[in-house]
Each structure stands twice: as C-alpha cells, then as structure tokens.
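Listed below, chain by chain, are the residues.
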Amino acid sequence: MVMPNTIFQQVTDALRPNRRIARPIHVGYAVASAAVFGAAWSLSSGAVPSPAGVAAALARLWTEHGLFDALAASFVLNAQAIAWTTAIALGLAYLTVVPAVRPLAAAISKLRFTGLVGWAFVFTLWARDGHQLKLWMLVFGMAPFFVTAMTAVVAELPRERFDHARTLGLTEWRVVWEVVIRGTADQALEALRQNAAMGWMALTMVEGLVRSEGGIGALMLNENKHLDLDGVFALIAVVLAVGIAQDAALGWLRRAACPHVQRSKP
Amino acid sequence: MTHLHERRDTLIKLEGVHAERGDQLVLRDIDAEIKDVVRPDVADQGQVVGVLGPSGAGKTTLLRLLAGLDAPSRGRVLIGDALQPARAGMVGVVFQHYPLFEHRSVLGNLVVAARRGGAATADARARALLERFGLGDRAGAWPGELSGGQRQRVAILQQLLCGHTYLVMDEPFSGLDPLNKQHACELIAEVSMMHERNTIVIVTHDIREAVKVSDTLWLIGRDRAASGEPVPGSHIVETYNLIERDLAWQPGIERTPAFETFVREVEDRFRSL
C-alpha cells in the first residue's frame, strides 16, 4: 500500500481502516490521546482522584508506608512465580510430544476454569509459610493458561517441519529440540510475556488474600479499607509502571534471544 | 542422435506398493525401478525422474513412501545399492515450502546437516557449498530473509550436505517465476551431475519443467471404468524414457519442435486421467 503524501491526508487516513501511517502521525495520535486522557482526568471531580492527589499519595506511601519494600516483596514473589510457572508449563507443553503426557497437560489446562479463591484453603494446609502459599497460588493461577497457550503452539506445528528434521537424520529427541523447543522459543517468550502481565493481576489479589510479607497487594487493600482512593490510584499507577517496564524487558529478551523473528520478511 | 548410455544397477525399487489413507486406496500396484544411468562420455551422470499426475493422484503419498516417512500398506520400497527398505533419513526431501530451521542462520542450517558427515569439517563443507551455489554472501542471513529461489537452494544444499544421494522434491517449480523455474532446472541438473549415483525424483504437475530436466517420466493417475468413473487407487499409467526419445540432457531442448510435440502428448494423456 502506498503511503499518502500530505500530512492532512495521513491524519485523515489514520481514522480509516487498514491504512498505513507514518511514525510521526502515530506518535501525534498517541500524544493527543494522552492529552485528552489527562484533560479528562484533571476535569473530572469526585469519582476519580486528581493527578495532584495521586502524586501526593504516592509520596506518602513511599515515605510513610514502605512502598519500596512492598514493591520489592511483590516483585520478588512475581519473579519466582513466573520462573516456576515457566518451568512447569514449558516442560509440560514440550512433553506433549509424548502421547502419554497429553491427558495430563489437557487436565492441567482445564484447571484455568476453577479460580483461585476456592483453592486457598487447600494450599494453606500444604504450604510451609505465607510466602510459599502465595507462590503456589500464583503458580496455580498462571500455569494452566501458560500450558494451554504452549500446548496449542506445539500441537499446531506443521508435520512438514518434523519430517524435514527427520530427513536430515536427526534423532527424535533432537527433532524435538530443534523443531519444538528452539523452533517455538519466540512464541514461548511471547506467552511468557502475557503470563507475566497476568501475574501482576493475580499478585495483587493473592497478596490481598494472604497478607504475610506485605506486598503491594496488601498495601492496596489497606488503602481501599480506609477509602483512600488517592492511595489506591497511586498503587495502581505503580503496578502499571512496573508492569510496563517488565513487559519491555521481556520484549527486549525475546528480540535478543530470537533475532530471526525481527529480521524475517513480513 | 540418442546419447550413448546404459542403465545398470537398480538404485530405487518399488515392489507391488499399495498405500491407503484411512479406508481410501490412494496408490495401488506400483512396480517401478530407477537404475543408475551410465554414460561413457560423462563422468558423473545422475538420474532425474519426474513424477507427473493430476491433483489428488497420490503424488505426495508416493513421495512420502520414497522418503521412508510413511510405510506402504502393502509391498516394499527399497533404496540404495543394498536395496534396503526405505526409512526416514535415507532419502533427502525438499518439501514444497522449503522448511528450514527458522531459528538458525543459513550457515547454521547447513552445518546441522553437514555434521552427519563429520562435525570437524561441517562448517568448511557448508561454506564451500554456499560459495559454489552462489549463496556465499547469504551465510549469515535468516531463512525468513531469503527469496523463494534462495530458500529452495538452501533446502537442497542442506539435503546434499547430509550426504543424501537420493533426493525427492515436492513441487520444486511451484510459485516460481519463469526465470527462477529455469534456475531450478539448472540447479537440479547440476546436483544430479555431482555424483554418478545422485538420483532426484521430482514430484510435480508442471509438465514442461519436468520434461526439461528429467531423463524418465512416470505419469501416475487412476484408470476409468467403462462408466467413466475413476477406479480407486492411482498407479503408474505411463513411463516415458526421455533418453530414447532424445529429449534428455539437452540444454535448450524446450525450444525444439520435438519438445513441444512431446509435451502435447503428455498433456493429452494427462487429461485422460
């Protein structure tokens, strides 16, 4: 598709479906959207805290309520949960090349319909301490989604790719390594990115349920209890910022680990 | 003038091959041989067999049997000097869409294959072959960055580096423009002449290109009953010896009346299937 010439054309084209626009126009629309959002937020009264109120609450949470420690505790917990989830989910998904493992993977995939809260009591009986309890709940919450995503990726690999590797005389496990594990690494990292984002959503809930060690979820619930909406919004903003940074880091990792994805023809 | 030649040892043999997909008979009664063609005046004359047939005739099924990727439901597919039953890894396959390891560079793809013939020299052999086939400057490229023609060449080189003497190619001319089709023909001819035993089976529905590059053509298809209905199970309905017809190994053969006449003959037979 040829790009339109004039700026006006590009600005109007950005309002029509399936058009390509230049990067400056794209940035312009992003800035305009942010400005509209900021203006709407500043002008709204009552229901939504003002930007100044949120900033003040952020400073208060940082200096008086140990926001840094809470954030660090949450970050460590989330990182541990992501690591465990990744190991379990990828291991299981890759092992679906062994037919006997498929029923187990299918069963774990179905656990995504069971929810977290109901299992809290069961995990309480098993867990050694609060940290372990939260970790298990997070892993339990995330792993079924990760397993579902990656088993689908493995199942949809074309037969031709396996056959191609076999014609090169590779052993079946080497075929699995090249085609399934290395061949889908970019999709695994993308799935990891999505699950890591989901981790922050589940984390605040889990930390609200199990308050040992504090964490940003516990802090958020405290602010909620005291009807301090400024504080709640400040914590939401913090989680948002950390989540975006984490997402960018994982995106960088994916590009670094799988450069062929970036450099392939569209 | 017919080229002096002799057909000697059997390199590939199909004995009473039947293939079924579910309860559907796809191939039946396939009996065929590919023999080593020896020319006194040519050092390394390989073999090129074109397999032609209409869509759904079972060409890809035959390819998978020859490659040892599937076993026949009846009969045997035998490969090599010792005529051993075909199994995966004995025969190189260049699939229609030229699958490569997308996470490996062009050189990396070739080195994986070349390790089969010795890890110590794998890199050097891969680089040498890339240079020979005009891809030296693409060693560091990713498969996704290659054109269709380059990708095809890399896929073929990968199989050659694996040490494959026998190569089956699925629709090697599909999706190529006329110039790239010509390049593909030249590449197939060059590969076939790299070693006396090199044997390439091309599965295609592109009659002109198959005639240009092959020394033998197998036309597969189904017979028709008196009612006009196709009888289940394709088989080899015609075998054309292009050497005897003086159409093989001749550059520019496609510009001769004899070539056009023969293509029309095959097309007419093709339509009757």
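Quantities reported herein were computed from a predicted structural model and do not represent experimental measurements.

Attention shifts here to the overall build of chain A. The secondary structure content of chain A amounts to 13 helices and 0 strands. Against the globule reference of 18 Å for 266 residues, chain A gives a C-alpha radius of gyration of 23 Å, more extended than a compact globule. Oriented by its inertia axes, the alpha-carbon framework of chain A measures out at about 70 × 65 × 30 Å. Looking at the 266 residues of chain A, the share that counts as buried comes to 31%. Long-range pairs, those at least 24 residues apart, make up 68% of the contacts in chain A with a sequence separation of at least 6.

The next thing to look at is the overall build of chain B. Within chain B, the regular secondary structure consists of 7 helices and 10 strands. For a compact globule of 273 residues, the expected C-alpha radius of gyration is about 19 Å, and chain B comes in at 19 Å, within 12% of that figure. With the C-alpha coordinates aligned to their principal axes, the bounding extent of chain B is approximately 60 × 45 × 35 Å. A buried classification covers 43% of the 273 residues belonging to chain B.

All names here are of chain B. Counting residues in hydrophobic clusters, the biggest one holds 130 residues, and the most contacted among them are Leu66, Leu110, Val168 and Ile202. For this core, the two domains that each supply at least three residues are domain 1 (6-91 + 168-184 + 193-271) and domain 2 (100-163). Those residues in contact with Leu110 that sit more than four places away from it in its chain are Ala126, Leu129, Leu130, Leu157, Gln158 and Leu161.

Considered domain by domain, chain B is made up of domain 1 (6-91 + 168-184 + 193-271) and domain 2 (100-163). Distance between the C-alpha centres of domain 1 of chain B and domain 2 of chain B: 26 Å.

Bring the parts together and some accessible area is lost; that lost area is often taken as the interface size. On the side of chain A, 17 residues touch chain B, which itself brings 21 residues to the contact. Put simply, the parts of the chain that give the side of chain B that touches chain A at least two residues each are strand E6 (92-94), helix H2 (106-114) and helix H4 (148-161) of chain B. A breakdown of the residues in the side of chain B that touches chain A according to their chemical character gives 11 nonpolar, 7 polar and 3 charged.

What follows deals with helix H3 (residues 51-64) of chain A. All names here are of chain A. Here H3 contains 14 residues, and its C-alpha end-to-end distance of 20 Å stays within 8% of the 20 Å for a straight helix at 1.5 Å per residue. For H3, the set of buried residues is Val54, Ala57 and Leu61. Buried residues along H3 cover an arc of 60 degrees about the axis, so they all sit on one side. Across H3 from its buried face, at more than 90 degrees, point the exposed residues Ala52, Ala59, Thr63 and Glu64. Packing partners of the buried residues in H3 comprise helix H4 (67-94), helix H11 (216-225) and helix H12 (229-257). Of the residues flanking the end of H3, it is Gly66, one or two places downstream, whose phi is positive at about 65 degrees.

The axes of two packed helices give the description: the angle between them and the distance between them. Residues and elements named next belong to chain B. Interhelical geometry of H2 versus helix H3 (residues 122-132) gives an angle of 125 degrees and a closest axis separation of 8 Å. In this view, H2 runs oblique relative to H3, as classed from their interaxial angle. Remark: the crossing between H2 and H3 carries right-handed chirality. On the side of H2, the interface is formed by Leu107, Leu110, Val111 and Ala114, while H3 contributes Ala122, Asp123, Arg125, Ala126, Arg127, Leu129 and Leu130. A class-by-class count of the residues in the contact of H2 with H3 yields 8 nonpolar, no polar and 3 charged.

Moving on: the pairing of strand E1 (residues 6-21) of chain B. Residue and element names in this part refer to chain B. Summarising the sheet, E1 and strand E2 (residues 24-38) pair through 10 bridges and their orientation is antiparallel. Directly across from Lys13, in E2, lies its bridge partner Glu33. Here E1 folds back onto E2 in antiparallel fashion, the turn holding 2 residues, of which Gly22 has a positive phi close to 65 degrees. Bridge count between E1 and strand E4 (residues 74-79): 5 bridges; the pairing is antiparallel. Across the sheet, His18 pairs through a bridge with Arg74, a residue of E4.

What follows is about helix H9 (residues 172-182) of chain A. Helical periodicity: at 3.6 residues per turn, an α-helix aligns residues three or four positions apart in one direction. Along H9 of chain A, the positions that sit buried rather than exposed are Val175, Val176, Glu178, Val179 and Val180 of chain A. Looking at the buried residues of H9 of chain A, the elements they touch are H4, helix H7 (130-155) and helix H8 (159-167) of chain A.

Residues and elements named next belong to chain B. Sheet architecture is open: 4 strands sit in the order E2-E1-E4-E5, paired in antiparallel fashion. The two strands at the open ends of the sheet, each matched to only one other strand, are E2 and strand E5 (84-85). As judged from the 2 bridges shared by E4 and E5, these two strands associate in the antiparallel manner. Its bridge partner lying in E5, Leu78 is registered against Pro85. Taken strand by strand, helix H1 (residues 59-66) contacts E1, E2 and E4, and its axis lies near 120 degrees from that of E1.

It is worth spelling out the packing of H4 of chain A against H7 of chain A at this point. Residues and elements named next belong to chain A. Running from N to C, H4 and H7 cross one another at 35 degrees; their axes reach a closest spacing of 8 Å. As H4 packs across H7, the resulting crossing turns out to be right-handed. On H7, the residues touching Leu77, Gln80, Ala81, Trp84, Thr85, Ile88, Ala89, Leu90, Leu92, Ala93 and Tyr94 of H4 are Lys134, Leu135, Leu138, Val139, Met142, Ala143, Phe146, Val147, Met150, Thr151 and Val154. Split into classes, the residues belonging to the contact of H4 with H7 amount to 18 nonpolar, 3 polar and 1 charged.

Further remarks concern the sheet that holds strand E10 (residues 235-241) of chain B. All names here are of chain B. The strand order across the open sheet formed by 6 strands is E6-E7-E8-E3-E9-E10, and the pairing between neighbours is mixed. Of all the strands in the sheet, just E6 and E10 have a single pairing partner and so form its edges. For this sheet the average axis-to-axis angle between neighbouring strands, irrespective of direction, equals 20 degrees. Direction of pairing for strand E7 (residues 166-170) relative to strand E8 (residues 199-204): parallel, over a ladder of 5 bridges. From the neighbouring strand, Val168 faces E8, where its bridge partner is Val201. Of the strands in this sheet, strand E3 (47-52), strand E9 (216-221) and E10 are in contact with helix H7 (residues 257-271), which crosses E9 at around 20 degrees.

Conventions adopted
- Residues numbered from 1 in each chain as written.
- Chains lettered and ligands numbered in written order.
- Predicted model: local features only at pLDDT ≥ 70, side-chain atom pairs only at ≥ 80, totals over all residues.
- Helix = DSSP H or I, 4+ residues; strand = E, 2+ residues; numbered from the N terminus.
- Rg over C-alpha atoms; globule rule 2.2 N^0.38 Å.
- Buried ≥ 20, exposed ≤ 12 C-beta atoms within 10 Å, placed from the backbone.
- Contact = placed C-beta atoms within 7 Å.
- Core = buried A, V, L, I, M, F, W, Y, C linked by C-beta atoms within 7 Å.
- Domains from an automatic or database assignment.
- Nonpolar A, V, L, I, M, F, W, Y, C, P; charged D, E, K, R; others polar.
- Expected span 1.5 Å × (residues − 1).
- Arc of directions from axis to C-beta.
- Axes fitted to C-alpha atoms, helices over the stretch in contact; angles between N-to-C directions.
- Parallel < 35°, antiparallel > 145°, perpendicular 65-115°, else oblique.
- Left-handed = near helix turned anticlockwise from the far one by under 90°.
- Pairing = 2+ DSSP bridges.

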